[in-house]
Amino acid sequence: MPRWPKPAEGSWTQHYSELGTAPMSYEDSISPEFFELERDAIFKRAWLNVGRVEQLPRTGSYFTKEIHAAHTSVIVVRDKEGNVNAFHNICRHRGNKLVWNEIPREEVSGTCRQFTCKYHGWRYGLDGALSFVQQEEEFFDLDKDQFGLARVHCEVWAGFIFINLAPQPRQTLREFLGPMITGLEGYPFDQLTERFSYRSEVGANWKLYMDAFQEFYHAPVLHGKQTPDNYSIAAQQAGFEAPHYRLDGPHRLVSTSGVVTWELDPTMRKPMEDITRGGLFGPWDTPDLGEMPTGLNPARCNPWGLDSFQLWPNWTILVWSSGWYLTYHYWPTSHNTHIFEGNLYFPPARTARDRVAHEMTAVTFKEYGLQDASTLEATQIMLESRAVTTFPLNDQEILLRHLHKVAGDWVDEYRREREEVAQR
Amino acid sequence: MTLLPSEFADLEQFAQTWCLATEHERYAQRLASTMQDMERFYEAITPRAEDAIAYCDKFPLDDLPDEVQNLMYLLYSMIIVSFPVEVWSQPAVPDASRTTLNCVIEPVP
C-alpha cells in the first residue's frame, strides 16, 4: 500500500499520460550521434545557468565558463553600470581564447579593468567594446566599432546568471523557467552565501547522473552502509516513496517528507552526527530564513524534507527544510563523459559550532556523491554493451522518463527543422 | 613550538598530521593513513570535541588566532576520519573505485 496518496489515474506516471509506462531505452545516453545532435538542439538553444551574481561582487569581476557541449567558452563579467554581460571568450583578431591563465582549458575568475589578448594585445572593455588594436594603422579600414566581443544572451533570475547561445532565444528566461520554477522566488538565495564547491569528472553520460539524483529509490540500497545497521535495515524495509511529483514544461520536481534525524533513536545515528549536530540532511540547528515561497513543499508535508527541482537541461536546485540548498550542474564533454559540479550553500556560519555542522554536512555529501559517481561509470559501461536495450522504470522513477523524453523531443524538433530548411 | 591552544595539549601529538587547511589535504591524509592511526586519533579527539567546539566558539569566526584555527582544522579532520572509523572500516569509500569528487571552493575559516 502506498504511504502517500497517488493521483486519481493510479500512479504519478499515468497522471502524466504522455510519458507512457513502457520500458525505457537509454540509447540517447550511449550514442555519439545523439550527443552530436544534443549540442545544437539543446546546449546551443536552452537557457543555461552558469553561476550566481555573488561570483561577480564588483565592477570588473569576471569568470569564464567552459561549455564543451556547445564548443565554446564564455566570459561573464560585471560592467561599470553594474550589469552582468556574457561574451564568447574569443578575440576578434585571430580567434585566440581571450581570457585564460596558464592552461587554456581551465576556467578562471578574477577582477580586471579590461580584457587584453595574450596573443597580440588587443583590448576590450567590460562592455565588450574593442578599445585598442596593436599597430592599428597597419590594418585595412579597420572599424573598431565592428569588432567588439561576440555577445551571448545573458539574463539573471533570483541571483542566478543564465546564458543562451542561440542567435535569438525563442523564449525569455522567465518564459523558459515557467511557473513551477519561478514559484521559488522569495527564497533567500542571496543570504545563503557560504559555499562549498565540489567537482568530478564522471565517465558517464550527463543524463545518467541527472537520473541518479532525480530518484531516491536507490538510496537505501546504494548508500545503505553509510548509516548504522539499525537505520539502514529500517530504511530498506520502508523503501522510498515521495509524496509529490510535478512536471512543468521541460522541468521536473520531486518533493519529499522529512526525517527528523535528532528525534531518531540514537542507535540509528552515527556518533559524529551527535558530536557535530549535522549530517546528510544538513545542520540540526535550522536557521530562521523567514517565510518560504509558495512554490516550496507543494504537498504541504509536515515534517517536510526537501524539494529537488531539475531545471532543463542540466542543473538542479535542491532546497532542504533545514535551511540550506544544493545545486548540481552536469556539463557534458562527450557522449559518455561529463563534468559534475555540486555546490552547497549555507547562511554564513556565525560561530565555530555552525561551521563544524556545515563541514559535517559537506563531507557527508562527498561520501554519498563518490558512490553515486562510481556506480554511473559501471552503468555506462554495460549500457554500451547493448546486451540489453530496454529497462523498466517504476513510479518513483517518473522523472527519469520525463528527462529522456524531453531530450528526445528537443532533438526531434531540431531534426525536423533541419530537414525543413534542407527541403526549401 | 606547539600548534594548538595549551588547553588541548593532549591532542598536540595529532596536530602535525591532521591540522590541514584544505579538504583536499585532509582527504588525501585519510587515504594515506592506516585504520589503526585514524582510530587512535578518533578515540582521542571525540571525547574532547565538545570542549574544542566550545573553546573555538569564544572567538569571532572571522578573526581566529592561529592556534584556534588549527583546532578547527583538527575538528574538520575528525569529521573526515569519522567515516572510515564509524562505517567503512577502510580509508576509502566502498564502491567508489577511482572516482574523485574534489572540493574546489570551501569557506574560510
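First things first, this report covers the structure right here in the doc.

Time to look at the layout of surface pockets. The method is simple in principle: a probe with the dimensions of a water molecule rolls over the atoms, and the space it marks as empty is what remains. Approximately 840 Å³ is the volume attributed to the second largest pocket. Lining the second largest pocket are 33 residues, with K65(A), E107(A), R199(A), E341(A) and V104(B) sitting closest to its centre. When grouped by side-chain class, the residues that make up the lining of the second largest pocket number 12 nonpolar, 11 polar and 10 charged.

Right, let's get into the sheet that holds strand β8 (residues 130–132) of chain A. Residue and element names in this part refer to chain A. Here we have 3 strands laid out as an open sheet, ordered β6-β7-β8, and antiparallel in their pairing. Strands at the two margins of the open sheet, each flanked by one partner only, are β6 (115–116) and β8. The sheet contact formed by β6 and strand β7 (residues 123–124) spans 2 bridges and is antiparallel. In the strand pairing of β7, T116 is matched with R123.

Moving on to the sheet that holds strand β9 (residues 151–157) of chain A. Residues and elements named next belong to chain A. The 7 strands lie next to each other as β1-β10-β9-β4-β3-β2-β5, forming an open sheet whose pairing is antiparallel. The outermost strands of the open sheet, each flanked by one partner alone, are β1 (48–52) and β5 (109–111). In this sheet, adjacent strand axes meet at a mean angle of 30° when their direction is disregarded. Alignment of strand β2 (residues 61–67) against strand β3 (residues 72–78), held across 6 bridges, turns out to be antiparallel. From the neighbouring strand, F63 faces β3, where its bridge partner is V76. Of the strands in this sheet, β9 and β10 (160–164) are in contact with helix α4 (residues 173–182), which crosses β9 at around 25°.

Let's shift gears to the interface of chain B and chain A. With 39 residues of chain B at the interface, the matching set in chain A holds 36 residues. Summed over both sides, the interface between chain B and chain A buries roughly 3500 Å², with carbon and sulfur atoms accounting for 65% of that surface. Run the count over chain B and chain A and you get 5 salt bridges. Secondary-structure elements contributing two or more residues to the side of chain B that touches chain A are α2 (23–31), α4 (49–56), α5 (66–88) and β1 (102–105) of chain B. With 11 residues, the single largest contributor to the side of chain B that touches chain A is α5(B). Split by residue class, the side of chain B that touches chain A holds 25 nonpolar, 6 polar and 8 charged. Relative to β1(B), strand β11 (residues 194–202) of chain A is paired through 3 bridges, and the arrangement is antiparallel. Paired with S197(A) across the bridge in β1(B) is I105(B).

Reading guide: rules and limits
Residues numbered from 1 in each chain as written. Chains lettered and ligands numbered in written order. Predicted model: local features only at pLDDT ≥ 70, side-chain atom pairs only at ≥ 80, totals over all residues. Heavy atoms only, no water. 1 Å grid on protein atoms, 1.4 Å probe; cavity = no way out; pocket = protein on both sides within 12 Å on 5 of 7 lines; lining within 4 Å. Points joined across faces, edges and corners; volume = space filled by probe spheres on them. Nonpolar A, V, L, I, M, F, W, Y, C, P; charged D, E, K, R; others polar. Pairing = 2+ DSSP bridges. Helix = DSSP H or I, 4+ residues; strand = E, 2+ residues; numbered from the N terminus. Axes fitted to C-alpha atoms, helices over the stretch in contact; angles between N-to-C directions. Contact = heavy atoms within 4.5 Å. Buried area = accessible area lost by both parts, 1.4 Å probe. Salt bridge = Lys/Arg side-chain N within 4 Å of Asp/Glu carboxyl O.

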